[in-house]
Amino acid sequence: MICSKYFSNFLVKQNYTSSKLYQTSLTRNFSMTAKSVELNSFSRRKKSDTDIGWILLVLPISAFGLGTWQVRRKIWKESLIQELKTKTKFPALDFPENQEELKTLEYRRVKVVGEFDHSKELYLGPRSCLTDGGAENSNGLFSGSTKSGYYVITPFKLSNKPYTILVNRGWVSMKNKNPASRSSGQVAGELN
């Protein structure tokens, strides 16, 4: 009982002392002149909602611009695919005499006479086997299950012109990369 009385007196004294210290520090910190109050009010920028408003305005404008660009890109891509389909169905042309004409023959089939140089074959790979615009795979669950191989690019020396062109001979699996394993594809002699 006596202990609690002394303890409560101690707490009252502590509260009184701490409140006096707090009041003193407040008066010291807030004793400013009119000039310092004026400067403080202009030194800090007042926050407003205009910054957020500008950000909220920029986001939909950017999204609209990107969406418009994607639609235009899709239209361009579809017209390019249609152009490729129509040009590849045209009948084959003779190889032009003038090299400048080749620029206008993009995606067109061309007749050539010559022979393959199998000693200088190039292999682009590893590449997935593409059939009908998609990768051919065994189960479709994992990318590791896709068949991997190479595109065989073979130089073709023209007989009647001093040119050599590169011909994509198609895709071969990794086990058939060696020309000895695909002897039926090693065509010799002059071809049309």
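Conventions adopted
All residue numbers refer to positions counted from 1 along the written sequence of the respective chain. With the structure being a predicted model, the display of local features is reserved for residues of pLDDT at least 70 and the display and counting of side-chain atom pairs for 80 or more, all residues being used for whole-chain, interface and lining totals. The basis for every side-chain value is the complete set of heavy atoms in the structure, and neither hydrogens nor water enter the calculation. Under the pairing criterion, centres of Phe, Tyr and Trp rings, with the six-membered ring standing for Trp, must be within 6.5 Å; the plane angle then separates stacked pairs below 30 degrees from edge-to-face pairs above 60, leaving the rest tilted. Helix and strand assignments follow DSSP, with helices taken as H or I runs no shorter than four residues and strands as E runs no shorter than two, numbered in order from the N terminus. Accessible area is worked out with a 1.4 Å probe on protein chains only. A residue is then buried under 20% of its type maximum, exposed over 50%, and partly exposed in between. Geometrically, a lysine NZ or arginine CZ counts as sitting over a ring once it is within 6 Å of the ring centre and also within 35 degrees of the ring normal. Points on a 1 Å grid, built from protein atoms alone, make a cavity when a 1.4 Å probe fits but cannot get out and make a pocket when they are open with protein on both sides within 12 Å along at least 5 of 7 lines; residues with an atom within 4 Å of a point are the lining residues. Grid points are joined across faces, edges and corners, and a volume is the space filled by probe spheres set on the points. Polar here means any residue outside two lists: the nonpolar Ala, Val, Leu, Ile, Met, Phe, Trp, Tyr, Cys and Pro, and the charged Asp, Glu, Lys and Arg; Gly therefore counts as polar. Criterion for a salt bridge: a side-chain nitrogen of Lys or Arg within 4 Å of a carboxyl oxygen of Asp or Glu. UniProt positions are given in the numbering used here, feature names are shortened, and annotations may be inferred rather than shown by experiment. Paired strands are those between which DSSP finds at least two bridges. Within the patch definition used here, like charges are joined within 9 Å and nonpolar side chains (Val, Leu, Ile, Met, Phe, Trp, Tyr) within 5 Å, considering only residues with over 30% relative accessible area and no salt bridge. Where accessible areas are quoted, they stem from the Shrake-Rupley method and a 1.4 Å probe; at the residue level, only the protein chains shown are allowed to cover.

Chemist: Hey, could you run me through the packing of aromatic side chains in this one?
Modeler: Each aromatic ring pair is described using two quantities: the centre-to-centre distance and the angle formed by the ring planes. Following the criterion strictly, the structure yields 3 aromatic pairs and no others. Seen from their ring centres, F95 and Y163 are 5.9 Å apart, and the 50° between their planes marks the pair as tilted. With F95 in the loop between β1 (93-94) and β2 (110-111) and Y163 in the loop between β7 (148-158) and β8 (164-173), the pair connects residues that are 68 residues apart, well separated along the chain. Here the aromatic rings of F116 and F156 are separated by 4.9 Å at their centres, their planes lie at 70°, and the arrangement is edge-to-face. Of the two residues, F116 is situated in strand β3 (residues 114-116) and F156 in strand β7; the sequence distance between them amounts to 40 residues. Judged by its relative accessible area of 14%, F116 is buried. Assessed through its relative accessible area of 3%, F156 is described here as buried. Positioned above the aromatic ring of F116, the side-chain terminus of R169 is 4.3 Å from the ring centre. For the cation-ring pair, K177 lies above Y150, with the distance from its terminal atom to the ring centre recorded as 4.7 Å.

Chemist: I tried to follow the layout of surface pockets on my own but got confused; where do I start?
Modeler: Each pocket or cavity is described by its volume, and for the largest pocket that value is around 220 Å³. When residues of the lining of the largest pocket are traced back to their parent elements, those giving at least two are β2 and β8. Looking at side-chain class alone, the lining of the largest pocket contains 8 nonpolar, 1 polar and 1 charged residues.

Chemist: Explain the pattern of salt bridges to me, please; I cannot follow it from the model alone.
Modeler: A side chain with one charge can pair with a side chain of the opposite charge if their charged atoms come near. One pass over the full model with this rule turns up 6 salt bridges. With its nearest N and O atoms 3.9 Å apart, the salt bridge here joins K120 to D117. Residue classification places K120 among the exposed positions, given a relative accessible area of 53%.

Chemist: Can you walk me through the UniProt feature "transmembrane region" (unreviewed entry) in the chain in this structure?
Modeler: When the UniProt feature table is mapped onto this chain, "transmembrane region" (unreviewed entry) is found at residues 52-71. Counting secondary structure, residues 52-71 comes out at 100% helix and 0% strand; the distance between its end C-alpha atoms is 29 Å.

Chemist: I keep staring at the pairing of β8 and nothing clicks. Help me out?
Modeler: Every regular strand shows the same layout, with side chains that alternate between the two sheet faces. As paired strands, β7 and β8 are joined by 9 bridges and run antiparallel to one another. Bridged to P155 within β8 is L166. Between β7 and β8, which follow one another and run antiparallel, lie 5 residues.

Chemist: What is the right way to read a nonpolar patch on the surface from this model?
Modeler: Together, I52, I55, L56 and L59 make up a nonpolar patch on the protein surface, roughly 420 Å² of accessible area in all. Within the fold, L56 resides in helix α3 (residues 50-88).

Chemist: How should the environment of N160 be read in this particular structure?
Modeler: Along the chain, N160 turns up in the loop between β7 and β8. The sequence separation of N160 and V113 amounts to 47 residues, and the corresponding C-alpha distance is 7.3 Å.

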